[in-house]
Amino acid sequence: MTSMLAEPAAAPRCGPPPLPLHHDLLVRQLESAEEALDEVAQRLAHDLRTPLRHVISYAGLLQSAEVVTPDPLHKVLAAAQRLQHGLDELSALTRVRQSLLQRQPVDMEALARAAWADLVDSDLPDPVRLRVLGPLPVVQGDAGLLRLAWQRLLQALRQVAAAAGGPGWVEVSGYTVPGGCAFELHWVADATDGAPQTPPRPAADDPVDAWGRALVRRILGSHGGRCWPLLAQDGPGFGFSLP
């Protein structure tokens, strides 16, 4: 018999943290540094991609031929796939930097649900559910880039849920703030099934991995927004703002 998920309490709204002093100067310095890094990133991703494909291909052949013990090959393949993921995210970072925003009204609730659908296999039971608390504000932005940001953020919380090993929700809420809108996402465990109220913490305070964190910040920054960790009582998460 399928258990009913308990009704969670809404997370407190802490709002965006204050901007640091000399924010405009810091932004200009960061933009200059990013332009130089983009050139290095493009060359690095291009030069490493082909030899990395060879490593993965040859390791796969050795694994299928069973001429080497599987444990070392598994480590080689896992390491190569992590590096390939990093190169893909690095390429995505440079594309976001160089792309022109196609601003239009964006229904953030529809976008969040669409990004969630991209991550979920509809043919398999999923212990983690998306819960949208009320209608989300409509913003002006690039729908394609914002969908990519939603995907990275939601995927990060799905990984937190997987580490917890129990059912629960990824909760999303949105509200207006001076000068724009803010959104909050956090993971809530289902205590009725014996899952821990607070899931295991990832290595960093922010549940988004380093590549995903950089990509999300760049997308939001290109829209004039920002992202911050959200340490809600029920579980880890994050918030972000858009003008």
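Residues numbered from 1 in each chain as written. Predicted model: local features only at pLDDT ≥ 70, side-chain atom pairs only at ≥ 80, totals over all residues. Heavy atoms only, no water.

## A look at the confidence of the model for the protein chain
Residues of the protein chain with pLDDT of at least 70 account for 65%, and the chain-wide mean is 75. Every residue in residues 1-11 is under pLDDT 50, and counting partners more than four places away or in other chains gives 21 contacts. Per-residue pLDDT stays below 50 along residues 194-207; that stretch engages in 32 contacts with residues further than four places along the chain or on separate chains. (pLDDT = per-residue confidence, 0-100. Contact = heavy atoms within 4.5 Å.)

## A closer look at the environment of P229
As for its placement among the helices and strands, P229 is situated in strand 6 (residues 226-231). Residues within four places of P229 in sequence aside, it is in contact with G237 and F238. (Helix = DSSP H or I, 4+ residues; strand = E, 2+ residues; numbered from the N terminus.)

## Focus on the side chain of H223
Structurally, H223 is set in the loop between helix 5 (210-222) and strand 6. A distance of 2.8 Å separates a polar side-chain atom of H223 from the backbone oxygen of I219. Beyond its immediate chain neighbours, meaning those up to four positions away, H223 contacts L101, R103, Q140, G141, D142, L145, L146, L242 and P243. (Polar contact = N/O pair within 3.5 Å; in protein donor to acceptor, adjacent residues only side chain to side chain.)

## Considering the packing of aromatic side chains
Using the criterion set out here, one finds 3 aromatic pairs in the structure. Taking 6.2 Å as the distance between ring centres and 80° as the angle between the ring planes, the aromatic pair formed by W150 and F183 counts as edge-to-face. Taken together, the positions of W150 in helix 4 (residues 143-164) and F183 in strand 5 (residues 180-189) put the pair 33 residues apart, joining distant regions of the chain. With respect to class, W150 is no different from F183; both count as buried. When the centroid spacing of 5.0 Å and the interplanar angle of 20° are considered together, the rings of F183 and F240 count as stacked. Residue F183 is found in strand 5, and its partner F240 is found in strand 7 (residues 236-242); the two are separated by 57 residues along the sequence. (Phe/Tyr/Trp six-rings, centres within 6.5 Å; stacked < 30°, edge-to-face > 60°. Buried < 20%, exposed > 50% of the residue type's maximum accessible area, 1.4 Å probe, protein only.)

## Here's the deal with helix 3 (residues 108-119)
In this model helix 3 runs 17 Å from its N-terminal to its C-terminal C-alpha over 12 residues, within 8% of the 16 Å that 1.5 Å per residue would give. All of the buried residues along helix 3 are M108, L111, A112, A115 and W116. Buried residues in helix 3, looked at end-on, bunch into an arc of 135°, giving them a common side. For helix 3, the capping residue at the N-terminal end is D107, with a side-chain oxygen 3.1 Å from the backbone nitrogen of E109. (Expected span 1.5 Å × (residues − 1). Arc of directions from axis to C-beta.)

## Re the environment of S57
Summarising the element assignment, S57 is placed in helix 1 (residues 23-65). Between the alpha carbons of S57 and L77 there is a distance of 9.1 Å; along the sequence they are 20 residues apart.

## Topic: the packing of helix 3 against helix 4
Close contact between helix 3 and helix 4 brings their axes to 8 Å; oriented N to C, the two are set at 55°. On the basis of their axis angle, the class for helix 3 and helix 4 is oblique. Crossing handedness for the pair helix 3 and helix 4: right-handed. Contact with helix 3, carried on its side by M108, L111, A112, A114, A115, W116, D118 and L119, involves A143, L146, R147, W150, Q151, L154, Q155 and R158 of helix 4 and no other residues of that element. Tallied by class, residues from the contact of helix 3 with helix 4 come to 11 nonpolar, 2 polar and 3 charged. (Axes fitted to C-alpha atoms, helices over the stretch in contact; angles between N-to-C directions. Parallel < 35°, antiparallel > 145°, perpendicular 65-115°, else oblique. Left-handed = near helix turned anticlockwise from the far one by under 90°. Nonpolar A, V, L, I, M, F, W, Y, C, P; charged D, E, K, R; others polar.)

## Description of the pattern of salt bridges
This model, assessed by the stated rule, comprises 3 salt bridges. One salt bridge in this structure joins D118 and R147, with 2.9 Å as the shortest N-O distance. With D118 in helix 3 and R147 in helix 4, this pair connects stretches of sequence that are 29 residues apart. Classification of D118 by relative accessible area gives partly exposed; the value is 42%. A salt bridge links R131 to E171, with the shortest nitrogen-to-oxygen separation between them at 3.8 Å. Here R131, found in strand 2 (residues 128-133), pairs with E171, found in strand 4 (residues 168-177); they are 40 residues apart in sequence, far enough to count as distant. (Salt bridge = Lys/Arg side-chain N within 4 Å of Asp/Glu carboxyl O.)

## Some points on the nonpolar core
Core analysis: the largest hydrophobic core is formed by 36 residues, its most contacted members being M108, L146, W150, L154, F183, L185 and F240. Elements with a minimum of two residues in this core: helix 3, strand 2, helix 4, strand 4, strand 5, helix 5 and strand 7. No other element matches the 10 residues that helix 4 contributes to this core. If we skip the residues at most four places from it in the chain, F240 touches M108, W150, L153, C181, A182, F183, L185, L220, R226, C227 and W228. (Core = buried A, V, L, I, M, F, W, Y, C linked by side-chain atoms within 4.5 Å.)

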